[in-house]
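# Report on the structure
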There are 2 protein chains.
Amino acid sequence: MAIHKKNERLISLAQRGRVIFLALAVTCIVTCSLSSWAQSNDAIPYPAGYRQWTHVKSTIIGPKSPAYEKIGGIQHIYANEKGMEGYRTGRFPEGSILVYDFLKTEDDAYSEGRTNEGARRFTSVMVKDSKRYAATGGWGFEEFRGDSQTDRMIGAEAPTKCYACHTSQKDRDYVFSAFRK
Amino acid sequence: MAIHKKNERLISLAQRGRVIFLALAVTCIVTCSLSSWAQSNDAIPYPAGYRQWTHVKSTIIGPKSPAYEKIGGIQHIYANEKGMEGYRTGRFPEGSILVYDFLKTEDDAYSEGRTNEGARRFTSVMVKDSKRYAATGGWGFEEFRGDSQTDRMIGAEAPTKCYACHTSQKDRDYVFSAFRK
């Protein structure tokens, strides 16, 4: 009888352990799936092929700028075809992608007063998806470090690091730039 | 008889005059046609739509450059699809067009140290047509003043104003620039 009770208790413990293990496993799988789901849906994709898109305009940040240390150099903006439609019409359609490419500059070694493009600091991206990025004006924001297509510098900080400033351009669909002919 | 002779002479003079007039007229028509032919065949066409072509690279010419007065500012190079094939392979196919766009720059009125693109100085063009421009390495050279699509600054002076310098790049199919990734 005592042995029987002991066995029952052991079986009971084993069953409880199995239940807990299963519960943990399910929790883990669900969590991981949700995590992948969030990653695949929210992460801004690298704007592959943007160097063949239309060159919108360029700017230069010189040594006198307080932002020189961080972004000094030459900057180019590129847009895909939908982005160009946005510049023309004032409303950027779903799928518009704007790229702001930040490069360092280097003095030319042979030609006095001539400056060349240097290493890439980072590539800043805006993607229009009104549903997915409803919280930030319909735009997703991201920055890719250096030449990396995976090293994301913004992630969940888009609302404070990007959108907070772009809200000033709400009347222009949150876009600062204009196409320079 | 005298009257007859006089009439004969008058008719002869009239005929000679008509022949001379016809000869002059034909000469004029042929000359004008050759002139139009030369114009339509040799004049480098304005590179319509180049602002939508691929942006190859950019340079800056600052106040320390001896060429600042003439070309100071920011310069962008663009290439059509055949031109891009040339950058990839090292040999530019027939129909390649490269555009070197010279813009002035302006200090930003609100942001210290920031420089913006200004007015267009001129748009420099290279067109690959080995037969037509055989005398200048197979490339036709032209520059369009300001935003004009018809005010040509080079014309017949391409051999001295453009090609003379580009010959140094014969091994690179006479092209100085390279695509910046």
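See the structure above.
All values derive from a computational prediction rather than experimental measurement. (Residues numbered from 1 in each chain as written. Chains lettered and ligands numbered in written order. Predicted model: local features only at pLDDT ≥ 70, side-chain atom pairs only at ≥ 80, totals over all residues. Heavy atoms only, no water.)

### Observations regarding the side chain of R180 of chain B
- Structurally, R180 of chain B can be placed in the segment after helix 4 (158-166).
- Of the residues examined, R180 of chain B reaches a relative accessible area of 13% and is grouped as buried.
- Every residue in contact with R180 of chain B, bar those within four places of it in the chain, is listed here: R51, H76, Y78, D101, L103, E117 and R120 of chain A together with H55, V56 and K57 of chain B. (Helix = DSSP H or I, 4+ residues; strand = E, 2+ residues; numbered from the N terminus. Buried < 20%, exposed > 50% of the residue type's maximum accessible area, 1.4 Å probe, protein only. Contact = heavy atoms within 4.5 Å.)

### Some points on the packing of aromatic side chains
- Counted under the stated rule, the structure contains 16 aromatic pairs over all chains.
- Here Y46 of chain A and Y50 of chain A contribute two aromatic rings whose centre-to-centre distance is 6.3 Å and whose plane-to-plane angle is 70°, an arrangement assigned as edge-to-face.
- A relative accessible area of 2% places Y50 of chain A in the buried class.
- Each ring, one from Y46 of chain B and one from F144 of chain B, has its centre 5.2 Å from the other, and the planes form 85°; the classification is edge-to-face. Taken together, the residues Y46 of chain B in the loop between helix 1 (2-42) and strand 1 (54-61) and F144 of chain B in strand 5 (residues 139-145) connect sequence positions 98 residues apart.
- F144 of chain B gets classed as buried once you look at its relative accessible area, which sits at 0%.
- Each residue in the set Y46, Y50, Y78 and F144 of chain A is aromatic and connected to the rest through ring pairs, giving one cluster. (Phe/Tyr/Trp six-rings, centres within 6.5 Å; stacked < 30°, edge-to-face > 60°.)

### Side note on the environment of R88 of chain B
Residues and elements named next belong to chain B.
- Mapping R88 onto the fold places it in helix 3 (residues 81-89).
- Its relative accessible area of 62% is what places R88 among the exposed residues.
- Residues R88 and A178, spaced 90 residues apart in sequence, show a C-alpha to C-alpha distance of 9.0 Å.

### Comments concerning the interface of chain A and chain B
- Between chain A and chain B, the residue contacts involve 33 residues of the former and 33 residues of the latter.
- With both sides pooled, the region where chain A packs onto chain B buries about 2600 Å², and carbon together with sulfur makes up 47% of that total.
- Looking only at chain A, the three residues that lose the most surface to chain B are R51, I60 and R180 of chain A, adding up to 25% of its buried area.
- Run the count over chain A and chain B and you get 2 salt bridges.
- Between R180 of chain B and E117 of chain A there is a salt bridge; the shortest N-O distance is 2.9 Å.
- Remark: the boundary between chain A and chain B carries 19 residue pairs in polar contact (both at pLDDT 80 or more). (Buried area = accessible area lost by both parts, 1.4 Å probe. Salt bridge = Lys/Arg side-chain N within 4 Å of Asp/Glu carboxyl O. Polar contact = N/O pair within 3.5 Å; in protein donor to acceptor, adjacent residues only side chain to side chain.)

### Some words on the relation of the copies chain A and chain B
- Of the two same-sequence chains, chain A is brought onto chain B (RMSD 0.0 Å, axial shift 0.0 Å) by a rotation of 180°. Such a turn and shift between the copies fits a two-fold axis. Ranked by how close their C-alpha atoms come to the rotation axis, the residues of chain A are headed by H55 of chain A, at 3.1 Å.
- Interface overlap between copies: 100% of the residues of chain A at the interface are likewise at the interface in chain B, consistent with a symmetric, same-surface contact. (Least-squares fit on C-alpha atoms with pLDDT ≥ 70 in both.)

### Some details on the environment of G72 of chain B
All names here are of chain B.
- Looking at where G72 falls in the secondary structure, it is placed in the loop between helix 2 (68-71) and strand 2 (73-79).
- Sequence spacing of G72 and F102 is 30 residues, and the spatial spacing of their C-alpha atoms is 8.3 Å.
- Those residues in contact with G72, other than ones at most four positions away along the chain, are I61, A67, L103, K104 and R121.

### A look at helix 3 of chain B
All names here are of chain B.
- Here helix 3 has its buried residues at G83, M84, G86 and Y87. All buried residues of helix 3 project into a common sector of 150° when viewed along the axis, lining one side. Within helix 3, the exposed residues directed more than 90 degrees away from the buried face are E81, R88 and T89.
- Check the buried side of helix 3 and you find it contacts strand 1, strand 2 and strand 3 (97-107). (Arc of directions from axis to C-beta.)

### Observations regarding the side chain of N116 of chain B
- Within the secondary structure, N116 of chain B is located in strand 4 (residues 114-128).
- One polar contact links N116 of chain B to R114 of chain B, side chain to side chain, over a distance of 3.3 Å.
- Contacts of N116 of chain B, omitting those with residues within four sequence positions, involve T59 of chain A together with K104, T105, E106 and D108 of chain B.

### Overview of the pairing of strand 4 (residues 114-128) of chain A
All names here are of chain A.
- Judged by how many residues are buried, strand 4 sits mostly within the fold: 13 of 15 residues are covered.
- Relative to strand 4, strand 3 (residues 97-107) is paired through 10 bridges, and the arrangement is antiparallel. Bridging from a neighbouring strand, E106 pairs with N116 of strand 4.
- The loop that links strand 3 with its antiparallel partner strand 4 comprises 6 residues; one of these, G113, has a positive phi angle of about 85°.
- Bridging between strand 4 and strand 5 (residues 139-145) involves 7 bridges; their strand directions are antiparallel. What sits directly across from F122, in strand 5, is R145. (Pairing = 2+ DSSP bridges.)

### Quick word on helix 4 (residues 158-166) of chain A
- Taken residue by residue, helix 4 of chain A has A158, C162, Y163 and H166 of chain A as its buried positions. The buried side chains of helix 4 of chain A occupy one side of the element, clustering within an arc of 85° when seen end-on.

### Notes on the pairing of strand 2 of chain B
Residues and elements named next belong to chain B.
- Of all 7 residues in strand 2, 7 are buried; the element is thus mostly enclosed.
- Summarising the sheet, strand 2 and strand 3 pair through 6 bridges and their orientation is antiparallel. Considered in strand 3, the bridge of Y78 is made with V99.

### Focus: unusual backbone geometry
Residue and element names in this part refer to chain A.
- At D173, a position not held by glycine, the phi torsion is positive, near 60°.
- The topology assignment puts D173 in the segment after helix 4.
- Positive phi is not limited to glycine here, since Y174 has a value of about 70°.
- The residue Y174 is located in the segment after helix 4 in this model.
- Given the relative accessible area of 10%, Y174 is considered buried.

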